[in-house]
Amino acid sequence: MHIGTYQSFTHCYISLVRNVYENPSFEAAPRGQKVKEILGASFTILNPRDRIPYVAGRKFSVTYMVAELLWYLSGNNQTEWISKYSSFWKDISDDGITANSAYGARLFQPHNKIAQGRLDQWSYVVDELTRDPDSRRAVMHLRVPDDSIDAKLDVPCTLALQFFIRDGKLHQVVNMRSSDVIFGIAYDIPAFTLFQELLANQLGVGLGTYTHTSNSLHIYERHFGMAQSILKTSNVNKSQFNLHKIYGEMPPIPCESRAELKYWIDKLMELESDISSSDNADSIEQSLRRSFAYPDKTSAMWHDFATILAADRMRKISDRKEARSILENLKFDGYRFNVRSEK
């Protein structure tokens, strides 16, 4: 069932909530948890750079989005790291140490569950599309047969990411075994579309469409109230017309090489380590200034990611005034709607 084609993720997200909540194909209860559900649901986003959901009635953590993206791009799979931003990961880890759904560990470096550690999937896709731009073989696998045996709590929701160069643009098709509309998909789309843009940059092509197919697109009963809030007429109008019109798409990512990407990810991981061990606002600000001493030479995205992480640490040590002050330095206004409501 193709739900629709949308210009932005904001418009898409509201439509997904409406379709699943108001017109589900089924009501089921996997593992005893009641859901409304559509099977074989797909949708297309025409502008993958318009990836942040500006949705009134739904809390969206920009800090968590940034942390998860950094975690993925670094290739880290340690639950201890990402659990600083969401305890969810500790709760679902099968071994208490690592996460099967740490997608970056399976995409950006060899992984023992992907071709016995013989394959860097990102490099494979770059090589495949460089060799044959018309290829249909540029696939990155996430859920693998080993997960059927080894994973009990953390079974990857994503099956595969596939990339096509057509008419000089990189298009992505994502296949999911399962998509939770309220939590999962709200963060999956920003991550996957950012991967798409980074890959397009590395290949030297334009950014094409994003198409997503979920074999089970669902909303849990515990989120029905949130779905109702999102679908209130006043909130829908605010989201689609006011908020989206004000904020819009993220700026283009200037990073063109994997080496440049690694440089910024390493720098951000170092900063995150420094600020996580800081217990006062001065040391956090010093770490931020030291890491990004020449802001005019830093892309807006990496600068803003660093700023958001620093502000989050300040909030955690109860210095909310300093956190708000730091956030005034954000270069992209699109983060402001969501980040200002974070605790």
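Residues numbered from 1 in each chain as written. Predicted model: local features only at pLDDT ≥ 70, side-chain atom pairs only at ≥ 80, totals over all residues. Heavy atoms only, no water.

A.B. asks: Just give me the short version of the layout of surface pockets, but keep the residues and values in it.
C.D. replies: There is about 1400 Å³ of room inside the largest pocket. Taken together, 46 residues line the largest pocket, and the ones lying closest to its centre are F88, D180, F183, G184 and R222. For the lining of the largest pocket, the secondary structure elements donating two or more residues are strand 3 (35–45), helix 2 (62–74), helix 4 (88–92), strand 7 (179–180), helix 8 (184–203), strand 8 (206–220) and helix 13 (300–316). Residue classes in the lining of the largest pocket are distributed as 19 nonpolar, 11 polar and 16 charged. (1 Å grid on protein atoms, 1.4 Å probe; cavity = no way out; pocket = protein on both sides within 12 Å on 5 of 7 lines; lining within 4 Å. Points joined across faces, edges and corners; volume = space filled by probe spheres on them. Helix = DSSP H or I, 4+ residues; strand = E, 2+ residues; numbered from the N terminus. Nonpolar A, V, L, I, M, F, W, Y, C, P; charged D, E, K, R; others polar.)

A.B. asks: Explain the pattern of salt bridges residue by residue, including any values.
C.D. replies: What the rule picks out here adds up to 17 salt bridges. Ionic pairing is found between K34 and E27, a salt bridge with its closest N-O pair at 3.7 Å. Exposure remark for K34: the relative accessible area of 35% places this residue in the partly exposed category. For E285, the salt bridge is made with R289, and the minimal N-O distance between the two is 3.8 Å. (Salt bridge = Lys/Arg side-chain N within 4 Å of Asp/Glu carboxyl O. Buried < 20%, exposed > 50% of the residue type's maximum accessible area, 1.4 Å probe, protein only.)

A.B. asks: Break down helix 11 (residues 258–276) for me, with residues and values.
C.D. replies: Owing to its 3.6 residues per turn, the α-helix brings residues three or four apart onto one side. Between its first and last C-alpha atoms helix 11 spans 26 Å; for 19 residues at 1.5 Å apiece the expected length is 27 Å, and the two agree. Within the span of helix 11, buried status applies to L261, W264, I265, K267, L268, M269, L271, E272 and I275. In this structure, the buried side of helix 11 is in contact with helix 2, helix 3 (79–82), helix 8, helix 12 (281–291) and helix 13. (Expected span 1.5 Å × (residues − 1). Contact = heavy atoms within 4.5 Å.)

A.B. asks: Describe helix 6 (residues 121–131), naming the residues involved and giving the relevant values.
C.D. replies: All of the buried residues along helix 6 are Q121, W122, V125, V126, E128 and L129. Buried residues of helix 6, viewed axially, fall in a sector of 165 degrees; they line one side. Relative to its buried face, helix 6 has exposed residues pointing more than 90 degrees away, namely D127, T130 and R131. (Arc of directions from axis to C-beta.)

A.B. asks: Which residues make up empty space enclosed by the protein, and what values do they have?
C.D. replies: Here the structure, examined in full by the defined rule, presents 1 cavity of 30 Å³ or more. Put simply, the largest cavity is a space of about 40 Å³. Lining the largest cavity are W122, L198, Q202, C255, E256, S257 and L261. Classifying every residue of the lining of the largest cavity gives 4 nonpolar, 2 polar and 1 charged.

A.B. asks: Kindly report on the environment of V144, identifying the contributing residues and their values.
C.D. replies: By the secondary structure assignment, V144 is in the loop between strand 4 (139–141) and helix 7 (146–150). For V144 and I114, which are 30 residues apart along the polypeptide, the C-alpha to C-alpha distance reads 7.5 Å. With residues up to four places along the chain from it excluded, the contact list for V144 reads R106, K113 and I114.

A.B. asks: Talk me through the pairing of strand 3; I want residue IDs and the actual numbers.
C.D. replies: Burial runs high along strand 3: 9 of the 11 residues are buried. By the bridge criterion, 4 bridges tie strand 1 (residues 2–6) to strand 3 in an arrangement that is parallel. Bridging across to strand 3, G4 finds its partner in F43. One ladder, built from 3 bridges, connects strand 2 (residues 26–28) with strand 3; its direction is antiparallel. Residue pairing in the sheet places E27 in a bridge with K36 of strand 3. Summarising the sheet, strand 3 and strand 8 pair through 10 bridges and their orientation is antiparallel. Its bridge partner being in strand 8, K36 is matched across the sheet by I219. (Pairing = 2+ DSSP bridges.)

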